[in-house]
Amino acid sequence: MMEVEKLKEALRFICSSDFLRMALFWNLALLSSYFQLLKRRIFGSKPTSFSSSSSSHRPICVITGATSGLGKATAFALSRKGFYIVLVGRSSHLLSKTLAEIKKQNKDAQLKAFEVDISSFQSVSKFRNSLEQWLLDSDLHSSIQLLVNNAGILATSSRPTIEGFDRMMATNYMGAFSLTKLLLPLLRNSPVPSRVVNVTSFTHRSVFSPRFDKDSVTGVYSSESKHYPCASIYQYSKLCLLLFSYELHRQLRLTDDSHHVSVAAVDPGAVKTNIMHELPSYIQALAFYSLKILRLMQSSEEAAESVIDAALAPPEVSGKYFFGGYGRTIESSEISRDPKLAKELWDTSCLIFDELHQNHT
């Protein structure tokens, strides 16, 4: 009986617009990114490639969504490269488990964990204060060298946050925007060049006519809809994160042309993680199997290499879009590179941020 219900659930999903976006548009978007790599290889215009930089001191890296999938794999990799890893996650149990697993593989790893709900501005703001206090109590320099905004969800139903925002938009975009704004002083205070890495997605290529008013950016409009457009909101949130990356790069260059704080966006491609766990089980299996057949599905460890590339490349990569591993960069969608849209989103996001900050001070 349970299998019959699962099959019915899958069939209902197949008849939805979300399935069309995921099965057709998202796959086309992914293939479009790989086509760029192939075209440059064939015609001799190789995608930009960078070698990793190194540092003699132990830099501090904050990673959100660090207890599973890509975030966890990135934490493992960067700890082996000598970073002091600050793991940020929603579950204290999973944080403790991740700490133990990293220590088991790397006994010299330096680790600290904070329980944070990225979808909640109050939780993010509290984390900033706790992080600053921890740096002070630990006699560490009052700075961080790397922020990896990796936390993300693919929700299939509307679950408003305390602030009344759509939880997927709050987690995937506004949480990253707010955290970055709050941690910028620590990034600027770094004695060596620092960086923000935003983990975005090829799904951003499926957005063609975005709006960036307050309701759209907070996802409030979605709660009024009878059908929760999960695919549309997910790809929109990833476009927002990408536009934010480019605009943050431009804003930083206005005040500091030395690339002391740089910004990189990274698309890890299709990764076998639990992000699709809310989708019907048959749909998950179909997605994994089809991408595996096409040899486009990666493990978290493989995909983490792209994040490492973005994190360790030289400061002049600021404003680049990493994809495909081996330090390679490509062009994101034309819409994502529109400076007017980026500024519109920036202004709206700053307005929301200021309102949230006033309400919690």
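Per-chain numbering applies: the sequence of each chain, read as written, is numbered from 1 onward. Local features are withheld for residues below a pLDDT of 70 in this predicted model, meaning they are given only at 70 or higher, and side-chain atom pairs are given and counted only at 80 or more; totals for whole chains, interfaces and linings count all residues. To get the side-chain values, all heavy atoms of the structure are used, and hydrogens and water are removed first.

Under an unreviewed UniProt entry, the name given to the chain is Short-chain dehydrogenase TIC 32, chloroplastic, and the organism recorded is Raphanus sativus. UniProt positions are given in the numbering used here, feature names are shortened, and annotations may be inferred rather than shown by experiment. UniProt's Sequence similarities (unreviewed entry) comment on the chain is quoted here verbatim: "Belongs to the short-chain dehydrogenases/reductases (SDR) family." One UniProt comment on the chain, placed under Subcellular location (unreviewed entry), says "Plastid, Chloroplast".

J.: Tell me what's going on with the nonpolar core, and back it up with residues and numbers.
T.: Side chains of a nonpolar character, in soluble globular proteins, are inclined to be buried together. Among buried residues, the Ala, Val, Leu, Ile, Met, Phe, Trp, Tyr and Cys ones that are joined through side-chain atoms within 4.5 Å form a nonpolar core. Buried residues are those whose accessible area, probed at 1.4 Å on protein chains only, stays under 20% of the maximum for their type, while exposed residues exceed 50% and partly exposed ones sit between those limits. With 84 residues, the main nonpolar core has Phe127, Leu131, Ile144, Tyr173 and Phe212 as its most contacted residues. For this core, the element with the highest residue contribution is helix α9 (residues 230-255), accounting for 14 residues. Residue contacts follow a heavy-atom distance rule, with two residues in contact if any of their heavy atoms lie within 4.5 Å. Once residues within four sequence positions are removed from consideration, Ile144 is found in contact with Ile60, Val62, Leu131, Leu183, Leu186, Leu187, Ser190 and Ser194. Counting 33 residues, the second-largest nonpolar core is a separate cluster that includes Leu87, Leu95, Leu146 and Val271. Secondary structure elements are taken from DSSP: a helix is a run of H or I of four residues or more, a strand is a run of E of two residues or more, and numbering for both begins at the N terminus.

J.: Explain the pattern of salt bridges to me, and be specific about the residues and the numbers.
T.: Between Lys or Arg on one side and Asp or Glu on the other, a salt bridge is scored when a side-chain nitrogen of the former is within 4 Å of a carboxyl oxygen of the latter. Per the stated rule, a full pass over the model turns up eight salt bridges. The salt bridge partner of Asp108 is Lys107, with a shortest N-O separation of 3.7 Å. Judged by its relative accessible area of 49%, Asp108 falls in the partly exposed class. Arg167 serves as the salt-bridge partner of Asp117, at 3.9 Å between the closest nitrogen and oxygen. Within this pair, whereas Asp117 is found in the loop between β3 (110-115) and α5 (121-137), its partner Arg167 is found in helix α6 (residues 167-188), the two being separated by 50 residues in sequence. With a relative accessible area of 26%, Asp117 lands in the partly exposed category. A relative accessible area of 22% places Arg167 in the partly exposed class.

J.: Got a sec to walk through the environment of Gln36? Specific residues and values, please.
T.: Here Gln36 shows up in helix α2 (residues 17-42). When its relative accessible area of 15% is taken as the criterion, Gln36 is described as buried. When the C-alpha positions of Gln36 and Ser332 are compared, they lie 10.0 Å apart, and in sequence the two are 296 residues distant. The contact partners of Gln36, leaving out residues within four places of it in the chain, are Arg205, Ile330 and Glu331. The definition of a polar contact used here is a pair of N or O atoms within 3.5 Å, where within protein one atom must be able to donate a hydrogen and the other to accept one, and adjacent residues in sequence count solely through side-chain atom pairs. A polar atom in the side chain of Gln36 sits 2.8 Å from the backbone oxygen of Glu331.

J.: I'd like a description of helix α4 (residues 92-105), backed by residues and values.
T.: The terminal C-alpha atoms of α4, which comprises 14 residues, lie 20 Å apart, in line with the 20 Å expected from a rise of 1.5 Å per residue. Of all the positions in α4, only Leu95, Thr98 and Ile102 are classed as buried. An end-on view of α4 places all buried positions within 65° of arc, on one side of the element. Of the exposed residues in α4, those oriented more than 90 degrees away from the buried face are His93 and Lys104. Helix span is expected to be 1.5 Å times the residue number reduced by one. Here the arc refers to the set of directions running from the helix axis out to each C-beta atom.

J.: With reference to specific residues and values, describe the sheet that holds β3.
T.: If you walk across this open sheet you meet the seven strands as β3-β2-β1-β4-β5-β6-β9, and the pairing is parallel. Both outer strands of the open sheet, β3 and β9 (320-323), are each paired with one neighbouring strand and no more. Across the sheet, the mean angle separating the axes of adjacent strands is 20° when strand polarity is ignored. With five bridges joining them, strand β1 (residues 60-64) and strand β2 (residues 84-89) adopt parallel strand pairing. When the bridges of β2 are listed, Val62 appears paired with Val86. Strands pair, by our definition, only if DSSP identifies at least two bridges between them. Angles shown run from 0 to 180 degrees and are taken between the N-to-C directions of axes, each axis being a line fitted to C-alpha atoms and, for helices, limited to the stretch in contact.

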